[in-house]
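# Results of the structural survey
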Amino acid sequence: MPQQNTEILAATATGIARAAQLLRQGELVSFPTETVYGLGADARQGAAVAAIYEAKGRPSFNPLIAHLHSAEAAQRYVVWNATAETLAQAFWPGPLTLVLPLRDGHGISPLVTAGLDTLGVRVPAHPAGQALLQALDGPVAAPSANPSGRISPTTAAHVRAGLGGRIAAILDDGACGVGLESAIIGLAGPEPVLLRPGGLAAEEIEAVLGRKLAQRDAGDPLTAPGQLLSHYAPGAPVRLNAAKPGGGELYLGFGPGDCDLNLSRDADLAEAAANLFGHLHRLDALGKPIAVAPVPDHGLGEAINDRLRRAAAPRD
């Protein structure tokens, strides 16, 4: 990806305002939370979210956590319930993520949810992170701000060493207090499920709930970061690397040419990544086999092809 000047912003009113402005413009900004530094993008902007995967180097379409400044703000995007309220009252702001069903008209990019109908939401406790989220007053999708496969960053220097020149800015406010990613609890089913252990002990959560947390099975669908990817399985067969559609097939294009839907007529991989899940859902709703044009297997194309291969994988 092209090199850019990465601004180092102090956690002052001026620096926070600049960070919020960059997020509104679709840029990537690393910011501190009490767990680790996050690599943030406006969760409503698909191209910005796609750029997260590109900046991290070895992109993979996993669900991302949306960071909000309050439980009330989170409720704009997810369907709230009594268990969520109990946990939010006890642990927010703090290192706990809750996975809940998406609310109608949520406006969240499908890249954030990896095409699922749930969203992980968190209210971080770090003062600078809180101030940034309040200034933006919107959802910020943010995995850890490190190249894929590297140690999670707990200082701005860690972020600069790994992502300097690849993101717009780093909001620097010293070291993170927790240094371990948030615990994730699934609340979209009949009982609370521990989806990922993290910076809040399961025992503390269970004490508040007055019950044991259910455990996720390895074969369960992907619902949160830190899990194995599941297949995205359209109802009809998917054929990859197709130069043209066959009889009765819908054609998902890439680059110039006739097609039913196009990931990117300009062959822009970031645009293609932002469009991928939405386009697959739209074609799937038509109930016909889907043929997909070849997509280059480099940069974001690696992640696009990974998801396409999973979509085309044999079904049980």
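Quick caveat, the model's predicted, so the values are computed rather than measured.

Each aromatic ring pair is summarised here by two numbers: the centre-to-centre distance and the angle between the ring planes. What the rule picks out here adds up to one aromatic pair. Measuring from ring centre to ring centre gives 5.9 Å for Trp80 and Trp92, while their planes differ by 40°; the resulting arrangement is tilted. With Trp80 in the loop between α3 (71-74) and α4 (82-91) and Trp92 in the loop between α4 and β5 (96-101), the pair connects residues that are twelve residues apart, well separated along the chain.

Attention now goes to the nonpolar core. The biggest cluster of nonpolar side chains holds 78 residues, and the ones touching the most others in it are Trp92, Leu96, Leu98, Val121 and Ile205. Of the residues forming this core, the biggest block, nine residues, is contributed by helix α9 (residues 269-284). Apart from the residues within four sequence positions on either side, Leu98 is in contact with Trp80, Ala84, Leu87, Trp92, Leu119, Gly120, Val121, Ile185 and Leu187. Ranked by size, the runner-up nonpolar core spans 17 residues in total, among them Ile16, Leu22, Leu23 and Leu171.

Quick look at the environment of Ser30 now. Locating Ser30 in the fold gives a position in strand β2 (residues 29-32). Ser30 sits in the buried class, given a relative accessible area of 0%. Once the C-alpha coordinates of Ser30 and Ala168 are considered, the two residues, 138 residues apart in sequence, prove to be 8.4 Å apart. Among all residues touching Ser30, those that are not within four sequence positions of it are Tyr37, Gly38, Leu39, Ala145, Val159, Ile167, Ala169, Ile170 and Leu171.

Moving on, we come to the packing of α9 against helix α10 (residues 300-312). The geometry of α9 relative to α10 is characterised by a closest axis approach of 9 Å and an angle of 20° between their N-to-C directions. The angle between the axes of α9 and α10 places the two elements in the roughly parallel class. The handedness of the crossing between α9 and α10 is left-handed. Facing Leu269, Ala270, Ala272, Ala273, Leu276, Phe277 and Leu280 of α9, the residues of α10 in contact are Leu300, Gly301, Ile304, Arg307 and Leu308. A breakdown of the residues in the contact of α9 with α10 according to their chemical character gives ten nonpolar, one polar and one charged.

Let us now look at the sheet that holds strand β10 (residues 193-196). In spatial order, the strands read β1-β8-β2-β3-β7-β4-β6-β5-β9-β10-β11; together these eleven strands make up an open sheet with mixed pairing. The open sheet has two free edges, formed respectively by β1 (7-10) and β11 (214-215), since each of these has just one partner strand. Along the sheet, helix α1 (residues 13-24) contacts β1, β2, β3 (37-42), β7 (140-141) and β8 (169-172); its crossing angle with β1, the most-contacted strand, is approximately 135°.

As for its placement among the helices and strands, His279 is situated in helix α9. If sequence neighbours within four positions are ignored, His279 has contacts with Leu252, Leu261, Asn262 and Leu263.

Let's shift gears to α4. Here α4 has its buried residues at Ala84, Leu87, Ala88 and Phe91. In a view along the axis of α4, the buried residues occupy a sector of 100°, so they form one face of it. Opposite the buried face of α4, by more than 90 degrees, sit the exposed residues Ala82 and Gln89. On its buried face, α4 is in contact with α3, β5, β9 (183-186) and α8 (202-209).

One face of the sheet, then the other: side chains in a regular strand alternate in exactly this way. Most of β5 sits out of view: five of its six residues are buried. Judged from the four bridges that link them, β5 and strand β6 (residues 118-122) form a sheet pairing that is antiparallel. By the bridge assignment, Leu98 is partnered in β6 with Val121.

Further remarks concern unusual backbone geometry. Apart from glycine, the bulk of residues carry a negative phi angle, and the bulk of peptide bonds sit in the trans form. With omega at -5°, the peptide bond leading from Trp92 into Pro93 counts as cis. Tracing the backbone shows Pro93 in the loop between α4 and β5. The phi angle at Ala114 is positive, at roughly 55°, despite the residue not being glycine. Counting through the fold element by element, Ala114 comes out in the loop between α5 (110-113) and β6. At Asp137, a position not held by glycine, the phi torsion is positive, near 55°. Judged by relative accessible area, Asp137 falls into the partly exposed class, the value being 35%.

Per-residue confidence for the protein chain averages 89 on the pLDDT scale, and 92% of its residues sit at or above 70. Throughout residues 226-232 the model reports pLDDT below 50, and contacts reaching past four residues in sequence, or to other chains, amount to 27 contacts.

For Pro314, the location among the structural elements is in the segment after α10. Residue Pro314 is classed as exposed on the basis of its relative accessible area of 74%. With 77 residues separating them along the chain, Pro314 and Pro237 place their C-alpha atoms 8.8 Å apart.

Describing two packed helices takes the angle between their axes plus the distance from one axis to the other. Contact geometry of α4 with α8 gives a least axis separation of 10 Å together with a crossing angle of 120°. Taken together, the axes of α4 and α8 lie oblique to each other. Viewed along their axes, α4 and α8 form a crossing whose handedness is right-handed. Seen from α4, the contacting residues are Thr83, Thr86, Leu87, Ala90 and Phe91; seen from α8, they are Glu204, Ile205, Val208 and Leu209. Tallied by class, the residues present in the contact of α4 with α8 amount to six nonpolar, two polar and one charged.

Rules used in this analysis
- Residues numbered from 1 in each chain as written.
- Predicted model: local features only at pLDDT ≥ 70, side-chain atom pairs only at ≥ 80, totals over all residues.
- Heavy atoms only, no water.
- Phe/Tyr/Trp six-rings, centres within 6.5 Å; stacked < 30°, edge-to-face > 60°.
- Helix = DSSP H or I, 4+ residues; strand = E, 2+ residues; numbered from the N terminus.
- Core = buried A, V, L, I, M, F, W, Y, C linked by side-chain atoms within 4.5 Å.
- Buried < 20%, exposed > 50% of the residue type's maximum accessible area, 1.4 Å probe, protein only.
- Contact = heavy atoms within 4.5 Å.
- Axes fitted to C-alpha atoms, helices over the stretch in contact; angles between N-to-C directions.
- Parallel < 35°, antiparallel > 145°, perpendicular 65-115°, else oblique.
- Left-handed = near helix turned anticlockwise from the far one by under 90°.
- Nonpolar A, V, L, I, M, F, W, Y, C, P; charged D, E, K, R; others polar.
- Pairing = 2+ DSSP bridges.
- Arc of directions from axis to C-beta.
- pLDDT = per-residue confidence, 0-100.

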